[in-house]
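# Structural characterization, general
Residue-level listing of the chains:
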Number of protein chains: 2
Amino acid sequence: MNSIKLFFIDIHKNPIFLYGLVLLFGIQKTIAQTDYKLWLQYNKVANSEKITEYQAINKNIVTIGNSETIQIAAKELQNAFKSLINKTVPLSNKTAESANIILANESNLSPELLNQTKTELQKINNEGFVIKTIQLKNKPQILITSKKDIGLLYGIFHYLRLLQTNQSISNLNIIDSPNTNVRILNHWDNLNESVERGYAGSSIWNWQKLPDFIDQRYIDYARANASIGINGTVLNNVNANALILTPQYLEKVKALANTFRPYGIKVYLTARFSAPIEIGKLNTADPLSSEVQQWWKDKAKEIYKYIPDFGGFLVKANSEGQPGPQNYGRNHVDGANMLADAIAPFGGIVMWRAFVYSEHDADDRAKQAYSEFVPYDGKFRDNVIVQVKNGAIDFQPREPFHPLFGAMPKTPLMMEFQITQEYLGFSTHLVFLPKLFQETLEADTFSKGKGSSIAKIIDGSLDNHQLTGIAGVANIGSDLNWCGHPFAQANWYGFGRLAWNPNLDSKTIAEEWLRMTFSNDEKFVLPVQEMMIESREAVVNYMTPLGLHHIMDTGHHYGPGPWVSNLSRPEWNPVYYHKADKNGIGFDRSSTGSNATAQYAPEVAKEFNDIAKCPEKDLLWFHHVSWDYKLKNGATLWNGLALKYQEGVNQVASMQSTWNKIKPYVDEQRFNEVEMLLNIQQKEAKWWRDACLLYFQQFSGKDLPSGVEKPTQTLEYFKSLKFPFAPGNN
Amino acid sequence: MNSIKLFFIDIHKNPIFLYGLVLLFGIQKTIAQTDYKLWLQYNKVANSEKITEYQAINKNIVTIGNSETIQIAAKELQNAFKSLINKTVPLSNKTAESANIILANESNLSPELLNQTKTELQKINNEGFVIKTIQLKNKPQILITSKKDIGLLYGIFHYLRLLQTNQSISNLNIIDSPNTNVRILNHWDNLNESVERGYAGSSIWNWQKLPDFIDQRYIDYARANASIGINGTVLNNVNANALILTPQYLEKVKALANTFRPYGIKVYLTARFSAPIEIGKLNTADPLSSEVQQWWKDKAKEIYKYIPDFGGFLVKANSEGQPGPQNYGRNHVDGANMLADAIAPFGGIVMWRAFVYSEHDADDRAKQAYSEFVPYDGKFRDNVIVQVKNGAIDFQPREPFHPLFGAMPKTPLMMEFQITQEYLGFSTHLVFLPKLFQETLEADTFSKGKGSSIAKIIDGSLDNHQLTGIAGVANIGSDLNWCGHPFAQANWYGFGRLAWNPNLDSKTIAEEWLRMTFSNDEKFVLPVQEMMIESREAVVNYMTPLGLHHIMDTGHHYGPGPWVSNLSRPEWNPVYYHKADKNGIGFDRSSTGSNATAQYAPEVAKEFNDIAKCPEKDLLWFHHVSWDYKLKNGATLWNGLALKYQEGVNQVASMQSTWNKIKPYVDEQRFNEVEMLLNIQQKEAKWWRDACLLYFQQFSGKDLPSGVEKPTQTLEYFKSLKFPFAPGNN
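Residues numbered from 1 in each chain as written. Chains lettered and ligands numbered in written order. Predicted model: local features only at pLDDT ≥ 70, side-chain atom pairs only at ≥ 80, totals over all residues. Heavy atoms only, no water.

Where an unreviewed UniProt entry is consulted, chain A appears under the name Xylan alpha-1,2-glucuronidase, with the organism given as Flavobacterium pokkalii. Taken from UniProt, the Catalytic activity (unreviewed entry) comment for chain A reads in full: "Hydrolysis of (1->2)-alpha-D-(4-O-methyl)glucuronosyl links in the main chain of hardwood xylans." (UniProt positions renumbered as here; feature names shortened; annotations may be inferred.)

Here it is in C-alpha cells:
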C-alpha cells in the first residue's frame, strides 16, 4: 500500500501530473509475474547493435538427433529468440544455405563438422559442451556439440546467457565442463508439504496430485536447474519419513523422475535408517543384521524398477534425534556401507552426512564431527561420499571452514551449503550467499601444503577422487517468485554456478544474474552488483560480528536471542557459543580452551590459535577475549563490537539508498518488493544491534561508543518478543 | 509427462511432421501463467465487428473524483482496454469532444449528467451502479455512476464483463445493486500458514512478512473479489487462535485492511471465545462476567484503532471442541450478544455459526442445530447474524436444505457455503458448485407459504431483515492458479456472483466464466458449459447417490470410507449415516425414525416424510429403505444404487470426451492440466464406485446388475488404503 498511498498524496498536489502518471504506468501489467521467470526472463535485447548481430547469426536452428533433451534444447532456443531478438527462428533437421545454429552431439556430427571440433571435444567430459563458430557453405555457423545430449542443453543455456548478458557471439570457441559430478539440491520438504527451514511458502511437490498431475512448476524447476547445471535433487527432508520409500510414494517419485530426466536431473531420496522397522516390519534396523541388509537390497531393487536411473540416498543418521547405526552399537561406516552395498549394483551412491554432535559428549560441539569421522577415513565404500557442511557449527553468517576438509584425504567429501537463509534473515534479508560460498571454497586447508583449497578437495583434484559433489539446501517453495525474495533467486543461481565451477568469482556471478534477471544497463548493474557483494558482510556485522555465532533466538532462529539459556541440550543455547562474562566474550577454542584449533593443519592451526594472528573476523569463534582487548584499528573489543553492529545497520541503509537510485531501471513490481523487503531488513538489523548490545553491555559494563545509535527499546522488551509461528520451524 | 511422451512417439513415426509441430507450438510461452489471471484474462476480442464497436466507444476515460477506488477503477479499465481491444485509452478529468466513458458518483455528476440518470440512481443502493448510454456534445457516451465510489468499481467490472463476453455495448441502461449486504469469504487459514480443508497450497497470508511486505497476491486477490462483488473477508480459521487479536497480529491485519479498503473489502476476524483467558490473562471467559465483557469492549476499541472499518467477528463456539458460552453454563445468545455489545459502538457485526452438535446428545446430529437455535429466535442483538450451513450435516455433495432456514424468522440468517471441496474431491475433481448453491437457494421452505425460497430468506426480503449475508469457505491458496484446479476458479467466481444476486442461474454463471476465462467461441462454450452443469450430479452419483452422505474416509475425507466405525464420536463414523444392514440402507429421519422431517414446514415435512413422495435424490437421507424397494424407474434400490454409481463414472468419462474435443480452443497448458485432472477424477470415481458397492454388497447380498463394471480390486484392498498426508486435515 505504501506506493499506492504515496501515489495518491501526489494527486492532491498535482492532479494533472497524476493523470499523466496513470496514463504512463497504468497500462503496465497489474498481474505481473516477472518474478516467476527467475533469470530466464529473456527480455528483448535493448542494445540495437547487439540485436542486429544476434539476428544475423540466429537464422535457423538445426538439430541432429531426436532425444527429448535435444528437443527441449531447441524449444528453449526458439522461445528465447522470440523474446530476446523478437524473431521466430525456424527449426529443421537440415542445415539451410544461410547462418545456422547447429545442435548435435559428437556421434551425430558429420565428418566435416567433427573435423572442426575434434580437438575441443577431447577436452570436455560427459556433461560438457563446445560452442564454436565455424564456417559451412561459406557462412558462419554456430555449432554446439558435446559427448551426450545433456551437454547440448547445457550448451544452449550457456549460449543464451551470452545473449542475455549482451556479449559478442562472433568467433566463439567455448569449451566447458562441470568440475564436479553431483551438483545437487537438498529439499528439506516434508510429506505434509511443509518445508523445514523453508521461507518461501510450502513445498513445490504436490504429493496429493502426483503421480498423475504434472505441475508446470516441475517443468520450470527442471529448466531453471538445467540452465545452471544442477543435475540432482533430493526431494525430501533429511529428517526423513520412511513412507517415501513405499510403493504409494515411489509411484509419485517416479513421475517426478520422468519429468526431470530429459533435463539431466536425477532424483535422490533420503533414507530413514529405521525404515526396515517402520515400513518393513522388521524388529531391527541393525546394519549388520543380514535380514536388514537383505531388506535394503530388496528395497533398492524395487526403487530401481520404478526409477532406473535413481541417484541414491542422502542420510542423516544419529544426529539430532534421527535413528542410525549407533542405535545398535554400530558406527557410521557400518551404516553407510550397508546402504552402499544395497545400491551399488544399480549405480547409486550414498551421501552420508557428517553433521553429528551429541548431548552426551561434553566436548566442544565444533570438534565432534571431526573426532568422529576422521578415524573412518578410507573405510567407506567407493560409492559413499561424506557430506560436510561448510562450517563446524551450522550454517552461520560466518564460520571458519570445517576442519574435516583436508582431514579425510582417502574419502570423497562433498560440500553442503545452505541456500535457504535459516540463520541469515529468512527470505526478508537481502544476502548474496555466493560471497559466503566463495570464502569457504577459497579457504586453504594446507592439507597438502599451500594451495590445498577446499575447491580442490571438492572437485576431487587434490586427493584424486572420481566421485565429487556439492549440495545446496534449497530455498525453493510455492511462492510466486519461488524463493520469497527477488534477490534470493540469486542464491539458487549462484549455488548452481559454483557447483559447476567452484572457482568462479561471486562478483561475476552477481553480474551475470543481474543482467539476466533485471537489466544490462550498467547504471543498474554496477551499483547493484556492489550492493549484493557487500550484503554478506552486512548480515555478519548486524548479527554476529567478529566471529560470534549461533546467538539467534531459539528453535525458529528468527531474530536475536543471545540470552537464551534454557534449552534441554547445552549446545542448543546461544550462551554456550558466546560465553560472555565480565572478563570478556567468545569461545576459547585455542590450546588453552577446547583446542579445536588443533583439528586444522599446523599452518592453519598456528594462525587460529594465536589471538594476535587470528583473523579478526573469526576472533570470537576461537578466543575468549577481554572487553578491553585492543583490536587492530586501536579500538577496544567492546567498542569495536558495538561499531561493527552499527556498521551492519549502516550498510543496510546504504543498500536502501542504492536501491532507491536504480528505480528507473527496474519494473515497478520488483522495485516495490525489494524496497519493502529492505525496509524490513533495516528494521531487523537495528533490532539485532540493539538487542545484542544491550545484552552484552550487562557483562562489559561499558557505554556505547560514539557513532553507535542509542537503542530505542529496553533489553526486557527485546527478550519479551515471541514468534510462535515463525516459519520453517517444523 | 504424458503429453511430452506422446509427442515424442510421433517423432519416430513422422519426423517432418514433428518439426512442423515444434515450429508451430514451440514458441508458445513455456512459463505460462494464464492460470493466475483467473477470469480477468482480458484476452483480445476475436470478433472483428465487436472489436470495432468497442474501439469506437471507448475513446477516453473520464474520471470525476479522486478517491483511491476511482483511480483503481480507471487503471483497471486502461489495462483491460489495452489487452481486450489493443488500445491505449487516455485518462483525463475532462470529457473530450468524442466518445467517452465517464466514471463519477452521484455527488460528482454535473447537472446535465445527473439529469440523465436521476431515475436510475433512485433504484440502486449504496453499492449499486448504473451504466447508461447517454448523449453529450452530440456524441454517445457511456456513463457509469453510483451512490458511492465502490459502485463505480463494481460498475466498471460489470462493463468489462460485457466486453469480455462479447456483448453489445450500445444503448446500455443497466441498473444493478447487490441483494445482500455481507458477501464474504471465510478463510480457514491458520497462523502457521496451513489451511484447514485447503487443497491449493498454503495460506496466501504471509504473516511473517506482514505488515511491511504487501504481496502482489493481496492486490490481485482484492481485484478478483471486487470484480464479482465480494465485500468482506474473514482472514483466519473458525477453529481460531486468539493470538490474531494481539497487537503483534493486529498490525498485520491492519496492513491487509489498508490494502483491501479501496476495493470495497472489509476485514473480519474469528474470535476465539476463550481469548480473555488466553491472551487477556483473565480466569474466565464467562460472557456474563463483567470483567469479560469489559475485556471484549476494550479489545473491540483496540481493534478499531487499528482498523476503523473493521467488519466484525465470526465465531464458532461450543462446536467440535471449540470453547464457548456453554463452558460457563451460558448459551449462544449470551455469547453472541456479549460480543455484539462490545462491537456495536463501532458498527461491527457478529456472525455466529449454528454449526453445532454434541457427542453428549444422542439425538440425530441433523436435528441438533435446529433444536438448539430455534428457541433463541428473536433474542439476538440487531448486529448479530446467525450463519447456517446449506445443509444440516456438513457440506455434502448433496443435502436437503437446512431446516433452520425458515424456522427463525425474527433472526437474520446468513448462508454458509463451502467453496473448497472438502467432501467433493479436493482440488482434483471438476465440480461446478454454483449448481449446488442454486439448488439450495431455490429450495422452498414454505415458511410463509409457497414461494418462501431460501434466496428470499438470505436477501432479507421474506422476513424483512436489513442485515443480510452469504459466506463462502474459500478455496484459495498459494498455488499458481489460486484454487488448485483451473475449474475450481469457477466456484470462487460463481459464489461471488450468487452472493451478489442469489437468483442468478448457474448456467449463466458458467457461461460468463467460460467466456471470460477461456474463449468466446461457441464451439467451446456450449459443450463445456454443459459439462460443468452436469459435473455436480456426477460427483453425487459416484460418491453419494440417492441421499447417501458422509461416507468419506475418516479425518481427511479423501476417498470412500463407508466401513469406518471406530471414531471416538459416533456421529463422526460413516456407518452412523448410511446404516446399511441386511434389511436395507439409509437413515430413517421420518416420523418412524428420528423425526427430523418434523423440523421442516408441514408442506415440506409431508413430502420428505413419505417414502413415496420423498424426492429420490434425498431418499436415503430420510429413509431406511429395503434393498428390494422399487424405485420410480422400476429398478430395485440395490440395482438403482449400483447403476447410479456407474452413471457417475460414465459422466466423468463423458466429461473427458468433451474436454478432448475442445482442445483447439484452449491454450496448451490449461488443456493439459484439466486433462490430467480429469484422468485422476475418472480413477477416483471408479474407486468410489467399486469400494462403496463392494462394501454395501456385504449387506444386500446381491449381484451387481448388468451395466455396472466389475470392481478391479477387493474390498480388503480398498479398506487397506491409507493417506496419512492427505492435505487440509489440520
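And the narrative resumes.
### Considerations on the overall build of chain A
Within chain A, the regular secondary structure consists of 23 helices and 16 strands. Taking 27 Å as the expected radius of gyration for a compact globule of 730 residues, we find that chain A reaches 27 Å, a close match to that expectation. For chain A, the spread of C-alpha atoms along the principal axes amounts to about 80 × 80 × 50 Å. Burial analysis of chain A (730 residues in total) assigns 65% to the buried set. (Helix = DSSP H or I, 4+ residues; strand = E, 2+ residues; numbered from the N terminus. Rg over C-alpha atoms; globule rule 2.2 N^0.38 Å. Buried < 20%, exposed > 50% of the residue type's maximum accessible area, 1.4 Å probe, protein only.)

### A few points about the nonpolar core
Y159 of chain A together with Y159 of chain B are the most contacted members of the largest nonpolar core, which totals 478 residues. Sequence-distant contacts of Y159 of chain B, that is, excluding residues within four places in its chain, are made with I57, N58, L77, F81, I101, I131, I142, I144, I169 and L172 of chain B. (Core = buried A, V, L, I, M, F, W, Y, C linked by side-chain atoms within 4.5 Å. Contact = heavy atoms within 4.5 Å.)

### A closer look at the confidence of the model for chain A
Residues and elements named next belong to chain A. Taken as a whole, chain A shows an average pLDDT of 94; of its residues, 96% reach a score of 70 or greater. Between residues 1–32, whose pLDDT stays under 50, and residues either more than four places distant or in other chains, the model counts 59 contacts. In the predicted assembly, ipTM is 0.94 and pTM is 0.95. (pLDDT = per-residue confidence, 0-100.)

### What about the relation of the copies chain A and chain B?
In the superposition of chain A on chain B (RMSD 0.0 Å, axial shift 0.0 Å), the rotation amounts to 180 degrees. Given the turn and translation reported, the copies of this chain are related as if by a two-fold rotation axis. An overlap of 100% is found between the interface residues of chain A and their copies at the interface of chain B, pointing to a shared contact surface. (Least-squares fit on C-alpha atoms with pLDDT ≥ 70 in both.)

### Some details on the interface of chain A and chain B
For an interface, size is often stated in terms of accessible area lost upon the parts coming together. Each partner contributes residues to the interface: chain A has 75 residues there, and chain B has 76 residues. Taking both sides of the interface into account, the surface hidden between chain A and chain B amounts to around 7,000 Å²; carbon and sulfur atoms contribute 61%. One can count two salt bridges joining chain A with chain B. Among the salt bridges present, the one from K683 of chain A reaches D212 of chain B, with a minimum N-O distance of 2.7 Å. Of all the secondary structure elements, the ones that give two or more residues to the side of chain A that touches chain B are helix 1 (2–13), helix 2 (15–25), helix 4 (68–84), strand 2 (91–92), helix 7 (216–228), helix 8 (247–260) and helix 22 (668–700) of chain A. Residue composition of the side of chain A that touches chain B, grouped by class: 31 nonpolar, 29 polar and 15 charged. (Buried area = accessible area lost by both parts, 1.4 Å probe. Salt bridge = Lys/Arg side-chain N within 4 Å of Asp/Glu carboxyl O. Nonpolar A, V, L, I, M, F, W, Y, C, P; charged D, E, K, R; others polar.)

### Overview of helix 4 of chain A
Given a rise of 1.5 Å per residue, 17 residues ought to cover 24 Å, and the 24 Å separating the end C-alpha atoms of helix 4 of chain A matches this to within 8%. Downstream of helix 4 of chain A by a residue or two, N86 of chain A has a phi angle that is positive, lying close to 55 degrees. (Expected span 1.5 Å × (residues − 1).)

### What to know about the domain arrangement of chain A
Residues and elements named next belong to chain A. Each domain of chain A was delimited in the assignment, giving domain 1 (38–176), domain 2 (182–499 + 506–517) and domain 3 (541–587 + 624–720). Computed over C-alpha atoms, the centres of domain 2 and domain 3 are 31 Å apart. Contacts between domain 2 and domain 3 engage 26 residues on the former and 26 residues on the latter. Here domain 2 packs against domain 3, burying approximately 2,200 Å² in sum over the two surfaces, 59% of which is carbon and sulfur. In terms of surface lost to domain 3, no three residues of domain 2 exceed Y423, T428 and H429, which account for 24% of the buried area on that side. Along the contact surface separating domain 2 from domain 3 lie one salt bridge. Close ionic contact of E359 with R569 constitutes a salt bridge, the shortest N to O distance being 3.5 Å. Linking domain 2 with domain 3 are twelve residue pairs in polar contact (both at pLDDT 80 or more), by the criterion used here. A per-class count over the side of domain 2 that touches domain 3 returns ten nonpolar, nine polar and seven charged. (Domains from an automatic or database assignment. Polar contact = N/O pair within 3.5 Å; in protein donor to acceptor, adjacent residues only side chain to side chain.)

### Quick look at the UniProt feature "domain: Glycosyl hydrolase family 67 C-terminal" (unreviewed entry) in chain A
Per the UniProt record, "domain: Glycosyl hydrolase family 67 C-terminal" (unreviewed entry) is found at residues 483–707 of chain A. Between the first and last C-alpha atoms of residues 483–707 of chain A the distance is 36 Å; the span itself is 54% helix and 2% strand.

### A look at the side chain of T445 of chain B
Mapped onto the elements of the fold, T445 of chain B is located in the loop between helix 13 (434–442) and helix 14 (454–458). When residues no more than four places from it in sequence are discounted, the contact partners of T445 of chain B are F401, F405, G406, S452, I454, I457, A601 and V604 of chain B.

### Some words on the UniProt feature "domain: Alpha glucuronidase N-terminal" (unreviewed entry) in chain A
Summarizing the sequence annotation, UniProt attributes the feature "domain: Alpha glucuronidase N-terminal" (unreviewed entry) to residues 38–159 of chain A in the numbering used throughout. Secondary structure across residues 38–159 of chain A comprises 41% helix and 21% strand; the distance between its end C-alpha atoms is 17 Å.

### Observations regarding the pattern of salt bridges
Close approach of charged atoms allows side chains of opposite charge to pair. Taken as a whole, this structure holds 67 salt bridges over all chains when the rule is applied. Linking E416 of chain A and R353 of chain A is a salt bridge whose minimum nitrogen-to-oxygen distance equals 2.7 Å. Of the two residues, E416 of chain A sits in strand 13 (residues 413–418) while R353 of chain A sits in strand 11 (residues 349–353), which places them 63 residues apart along the sequence. For E416 of chain A, a relative accessible area of 1% gives the class buried. As a salt-bridge pair, E320 of chain B and K316 of chain B come within 2.7 Å of each other at their nearest N and O atoms. Three or more residues are tied together by salt bridges with common partners; here these are R398, E439, R536 and E537 of chain A.

### Brief notes about the packing of helix 13 of chain B against helix 15 (residues 489–500) of chain B
Residues and elements named next belong to chain B. With their axes 9 Å apart at the nearest point, helix 13 and helix 15 run at an angle of 25 degrees to one another. With respect to helix 15, the element helix 13 is oriented roughly parallel. Between helix 13, through P434, F437, Q438 and L441, and helix 15, the contact on the second element is made entirely by A490, N491, G494, F495 and L498. (Axes fitted to C-alpha atoms, helices over the stretch in contact; angles between N-to-C directions. Parallel < 35°, antiparallel > 145°, perpendicular 65-115°, else oblique.)

### Details of the packing of aromatic side chains
Given two aromatic rings, one states the distance between the centres and the angle between the planes to describe the pair. Residue and element names in this part refer to chain A. Applying the stated rule across the entire model yields 95 aromatic pairs over all chains. Measuring from ring centre to ring centre gives 4.0 Å for Y199 and F426, while their planes differ by 15 degrees; the resulting arrangement is stacked. Here F426 lies in the loop between strand 13 and helix 13 (434–442) and Y199 lies in the loop between strand 7 (182–186) and helix 7, a separation of 227 residues in the sequence. By the burial criterion, Y199 is buried, and F426 matches it. (Phe/Tyr/Trp six-rings, centres within 6.5 Å; stacked < 30°, edge-to-face > 60°.)

### Topic: the sheet that holds strand 5 (residues 139–146) of chain B
All names here are of chain B. The six strands are arranged 2-1-3-5-4-6 in an open sheet whose pairing can be described as mixed. Two strands in the sheet have a free side with no partner beyond their single neighbour: strand 2 (91–92) and strand 6 (173–176). Relative to the sheet, helix 4 (residues 68–84) contacts strand 1 (61–64), strand 2 and strand 3 (100–104), its axis offset from that of strand 1 by approximately 175 degrees. (Pairing = 2+ DSSP bridges.)

### Observations regarding the pairing of strand 14 (residues 469–473) of chain B
Within a regular strand, the side chains alternate between the two sheet faces. All names here are of chain B. Among the five residues that make up strand 14, five are buried, leaving the element largely enclosed by the rest of the structure. Of the two faces of strand 14, the one lined by G469, A471 and V473 and the one lined by I470 and G472 are each fully buried. Bridging between strand 7 (residues 182–186) and strand 14 involves five bridges; their strand directions are parallel. Looking at the pairing, L185 lines up with G472 of strand 14. As paired elements, strand 13 (residues 413–418) and strand 14 share four bridges and run parallel to each other. Bridge pairing links E416 to A471 in strand 14.

### Quick look at helix 16 (residues 506–517) of chain A
Residues and elements named next belong to chain A. In this model helix 16 runs 16 Å from its N-terminal to its C-terminal C-alpha over twelve residues, within 8% of the 16 Å that 1.5 Å per residue would give. Across the twelve residues of helix 16, nine count as buried, placing the element largely inside the fold. Buried residues of helix 16: S506, I509, A510, E512, W513, L514, R515, M516 and T517, and no others. Taken together, the buried residues of helix 16 touch helix 6 (149–164), helix 13, helix 15 (489–500), helix 17 (522–543) and helix 22. Put simply, D505 is the residue that caps the front of helix 16, since its side-chain oxygen is 2.9 Å from the backbone nitrogen of K507.

### Overview of the pairing of strand 11 of chain A
All names here are of chain A. Within strand 11, five of the five residues are buried, which leaves it mostly tucked inside the rest of the structure. Pairing between strand 10 (residues 312–315) and strand 11: four bridges, direction parallel. Of the residues in strand 11, the one forming a bridge with G312 is I349. In the classification by handedness, the crossover that spans strand 10, the intervening helix 11 (residues 332–343) and the parallel strand 11 is right-handed. The sheet contact formed by strand 11 and strand 12 (residues 384–389) spans four bridges and is parallel. Its bridge partner lying in strand 12, M351 is registered against I385. A crossover links strand 11 with its parallel partner strand 12, the connecting element being helix 12 (residues 365–373), and its sense is right-handed. (Right-handed = clockwise from strand over helix to strand, strands pointing away.)

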